Amino acid sequence: MVETAGGGPGDGAAEVLDRPLPEGVRRRVVQIVSDGFGGLTVTELPAQLRQYARFAPNRRAKFAGNAMAAALEGDTLFRQRIGEQFREAQPELAAALDSGAPPPAADPLDVAAAAYVLRPTGWVKLVTAAGEEAQRADAERADEESRAELERLRAELVEARDHTRAETERLRAELDSAKKEAESLQRKLRAALSDIKRGEAAMRKVHTEIEAVRAESHAQVSAAESETRRLKARLGEVEAALEATRRAAREGRSVEDMRVRLLLDTVLEAAQGLRRELALPPVSVRPAETVDAVEPGRMTPKDIAARALSENDPAILDQLLALPQAHLVVDGYNVTKTGYPQMPLEKQRLRLLGQLSQLAAQTNAEVTCVFDGAELAAPVLLAPPRGVRVLFSKPGVTADELIRQLVRAEPPGRPVIVASTDREVADGVAKAGARPVASAVLLKRFSRG
């Protein structure tokens with residue numbers, strides 16, 4: 001089980017394991033190394049571990065576990081430095097291992113992990129024993145879980161049998177009820193068939209009566225057509241007499257004509273007085289001026305189309321923010337990583353919020369800046385600038401989803417502008433009624449001042 005590698009027979013550092021490190025011991029070893037990072041400078045760390053120096057201990061153990069285990073095994077000086085940090089943190093356990101008498105009440109995994117780091121004489125036996133103990137504990141735990149699962153399944157089986165018995169009785173009762181209901185429906189069906197036969201006989205009788213009425217109607221229509229022709233002839237005679245009467249009235253200048261003329265003069269004078277009262281101007285637009293055409297010296301529709309703003313023109317953003325009650329929602333990291341990705345995240349946020357504060361002061365629009373909370377290693381102590389609302393997404397919620405929630409919260413008809421280059425975000429907010437603009441457009445607007 002124990003081999004020597006260049007050391008004396010009592011040298012613990014010369015002992016090596018002939019099997020992989022037990023998983024439980026390996027996790028404790030990685031945690032010891034992660035905790036020991038705080039007491040070492042960057043230059044004292046192996047090159048492959050320096051990038052994790054600023055990580056929190058738990059995050060360091062999660063992302064750099066394999067690298068720390070490899071460095072501890074292959075770099076003797078690094079292991080000795082971690083061992084010194086461990087001795088300072090747990091001097092009693094370290095002294096007990098050096099004396100060859102680990103505390104009986106201590107966790108075997110903790111003892112094995114400490115022995116693996118400190119390498120006292122006989123450390124391999126401690127690690128091997130801890131692995132075997134962990135395997136026995138896992139086996140006992142699995143056995144207990146199996147027994148508990150068996151008891152649970154037995155209880156469920158008894159419950160299922162009782163439920164099946166009760167369900168069978170209920171189904172039998174429902175079957176009896178269904179049979180009785182089917183008999184009742186059959187009786188109703190026979191009665192309905194009898195009603196249908198009687199209805200068909202009545203329908204045949206109605207058809208006969210309808211044919212008789214139709215024949216009588218045809219006779220009446222013929223008589224009505226004859227009467228119509230007679231009345232039309234009479235109407236022609238009356239119209240001729242009326243025309244003769246009108247001609248005689250026009251020639252004789254009847255009293256009724258004079259009354260009509262007087263009424264017309266009265267209406268005309270009243271209209272002129274109303275025009276003077278309202279001070280109505282004379283007609284300035286003629287019908288020919290309403291026809292759509294291009295006059296000499298004026299722009300054609302093609303010229304007007306050529307002057308339309310491009311999608312990448314920041315003037316579009318100015319026009320949108322000039323709308324009443326406009327709300328600008330900004331995908332924070334999407335904008336900063338488009339404009340200045342080389343800067344640290346903290347400086348990216350500060351620069352963007354400062355530019356948004358100036359834009360809010362210039363346009364008087366409501367401005368909300370959304371950042372992805374998954375990018376944060378710790379809570380951000382940030383005072384939002386004047387005129388800008390700053391939001392971070394909650395754990396498990398992306399900034400994209402938070403932006404869509406903000407758009408859905410707005411009432412229909414309010415102008416909402418979303419600044420993001422993410423196509424999924426743009427398509428989603430457009431369906432919800434918002435107006436997406438590219439991050440590059442917002443950055444050009446910032447550079448214009």
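What comes next concerns the included structure. (Residues numbered from 1 in each chain as written. Predicted model: local features only at pLDDT ≥ 70, side-chain atom pairs only at ≥ 80, totals over all residues. Heavy atoms only, no water.)

## Concerning the overall build of the chain
Logical step 1: Helices and strands together make up the secondary structure of the chain, namely 15 helices and seven strands.
Logical step 2: Across the 449 residues in the chain, those meeting the buried criterion constitute 24%.
Logical step 3: Considering only contacts within the chain whose residues lie at least 6 apart along the sequence, 58% involve residues at least 24 apart.
Logical step 4: Accessible area for the chain stands at about 31000 Å²; split by element, carbon and sulfur atoms hold 55% of it. (Helix = DSSP H or I, 4+ residues; strand = E, 2+ residues; numbered from the N terminus. Buried < 20%, exposed > 50% of the residue type's maximum accessible area, 1.4 Å probe, protein only. Contact = heavy atoms within 4.5 Å. Areas by Shrake-Rupley, 256 points an atom, 1.4 Å probe, with all protein chains shown as cover.)

## Re the packing of aromatic side chains
Logical step 1: This structure, assessed with the given rule, holds two aromatic pairs.
Logical step 2: Residues Tyr333 and Phe371 carry aromatic rings whose centres are separated by 5.0 Å and whose planes lie at 55° to one another, so their mutual orientation is tilted. A residue pair is termed long-range when its members are at least 10 positions apart, and Tyr333 in helix 11 (residues 332-339) and Phe371 in strand 4 (residues 366-371) qualify at 38 residues. This pair shows no difference in class: Tyr333 is buried, exactly as Phe371 is.
Logical step 3: Residue placement shows Lys337 over the ring face of Tyr333; its charged tip is 5.4 Å from the ring centre. (Phe/Tyr/Trp six-rings, centres within 6.5 Å; stacked < 30°, edge-to-face > 60°. Lys NZ or Arg CZ within 6 Å of the ring centre and 35° of its normal.)

## Details of the side chain of Arg445
Logical step 1: Within the secondary structure, Arg445 sits in helix 15 (residues 439-448).
Logical step 2: A distance of 2.6 Å separates polar atoms of two side chains, one belonging to Arg445 and the other to Asp318.
Logical step 3: At 2.8 Å, the side chain of Arg445 forms a polar contact with the side chain of Gln362. (Polar contact = N/O pair within 3.5 Å; in protein donor to acceptor, adjacent residues only side chain to side chain.)

## Focus on the pattern of salt bridges
Logical step 1: Under the criterion given, the structure shown has 19 salt bridges.
Logical step 2: Put simply, Glu227 and Arg230 hold a salt bridge, and the shortest N to O gap is 2.2 Å. A residue pair is termed a helical-turn pair when its members lie 3 or 4 positions apart in one helix, as Glu227 and Arg230 do in helix 7 (residues 123-252) at three residues.
Logical step 3: Taking the relative accessible area as the measure of exposure, Glu227 reaches 34% and is therefore partly exposed.
Logical step 4: The partly exposed category is assigned to Arg230, whose relative accessible area is 48%.
Logical step 5: Across the pair Arg445 and Asp318 runs a salt bridge, and its minimum N-O distance is 2.6 Å. Note that Arg445 is positioned in helix 15 and Asp318 in helix 10 (residues 314-321), a separation of 127 residues in sequence.
Logical step 6: Owing to a relative accessible area of 7%, Arg445 belongs among the buried residues under this scheme.
Logical step 7: By relative accessible area, which is 21% here, Asp318 ends up partly exposed.
Logical step 8: Among the ionic contacts, a cluster of salt bridges with common partners joins Glu366, Arg389, Glu410 and Arg414. (Salt bridge = Lys/Arg side-chain N within 4 Å of Asp/Glu carboxyl O.)

## Describing unusual backbone geometry
Logical step 1: Of note in this structure, Gln325 is not a glycine but carries a positive phi near 60°.
Logical step 2: Along the chain, Gln325 turns up in the loop between helix 10 and strand 3 (327-331).
Logical step 3: Unlike most non-glycine residues, Asn364 shows phi in positive territory, near 60°.
Logical step 4: With respect to the element layout, Asn364 can be found in the loop between helix 12 (345-363) and strand 4.
Logical step 5: On the basis of relative accessible area, Asn364 is assigned to the exposed category, the value being 71%.

## A few points about a nonpolar patch on the surface
Logical step 1: Residues Leu189, Leu193 and Ile196 make up a contiguous nonpolar surface patch of about 280 Å² in total accessible area.
Logical step 2: Mapped onto the fold, Ile196 is located in helix 7. (Patch = residues over 30% accessible without salt bridge, like charges linked within 9 Å, V, L, I, M, F, W, Y side chains within 5 Å.)

## Observations regarding the packing of helix 5 (residues 91-98) against helix 6 (residues 108-118)
Logical step 1: The geometry of helix 5 relative to helix 6 is characterised by a closest axis approach of 10 Å and an angle of 70° between their N-to-C directions. It follows that helix 5 is roughly perpendicular to helix 6 by the angle criterion. Residues Leu93, Ala94 and Leu97 of helix 5 pack against Asp110, Val111, Ala114, Ala115 and Leu118 of helix 6. (Axes fitted to C-alpha atoms, helices over the stretch in contact; angles between N-to-C directions. Parallel < 35°, antiparallel > 145°, perpendicular 65-115°, else oblique.)

## Re the environment of Ala113
Logical step 1: Note that Ala113 resides in helix 6.
Logical step 2: When the C-alpha positions of Ala113 and Leu21 are compared, they lie 9.7 Å apart, and in sequence the two are 92 residues distant.
Logical step 3: Setting aside its immediate chain neighbours within four residues, Ala113 contacts Val25, Arg28, Val29 and Ile32.

## Some points on helix 4 (residues 76-89)
Logical step 1: For helix 4, which comprises 14 residues, the first-to-last C-alpha distance of 20 Å matches the rise-based estimate of 20 Å (1.5 Å per residue) to within 8%.
Logical step 2: Looking only at helix 4, the buried set comprises Phe78, Arg79, Ile82, Gly83 and Phe86. Down the axis of helix 4, the buried side of the element spans an arc of 140°, and every buried residue falls inside it.
Logical step 3: As for helix 4, its buried residues are in contact with helix 1 (23-36), helix 3 (65-74), helix 5 and helix 6. (Expected span 1.5 Å × (residues − 1). Arc of directions from axis to C-beta.)

## Things to note about the sheet that holds strand 7 (residues 435-437)
Logical step 1: The parallel open sheet is built from five strands, whose spatial order is 5-4-3-6-7. Of all the strands in the sheet, just strand 5 (388-392) and strand 7 have a single pairing partner and so form its edges. Here the average twist between neighbouring strands, direction ignored, is 20°.
Logical step 2: By the bridge criterion, four bridges tie strand 3 to strand 6 (residues 416-419) in an arrangement that is parallel. Of the residues in strand 6, the one forming a bridge with Leu328 is Ile417. (Pairing = 2+ DSSP bridges.)

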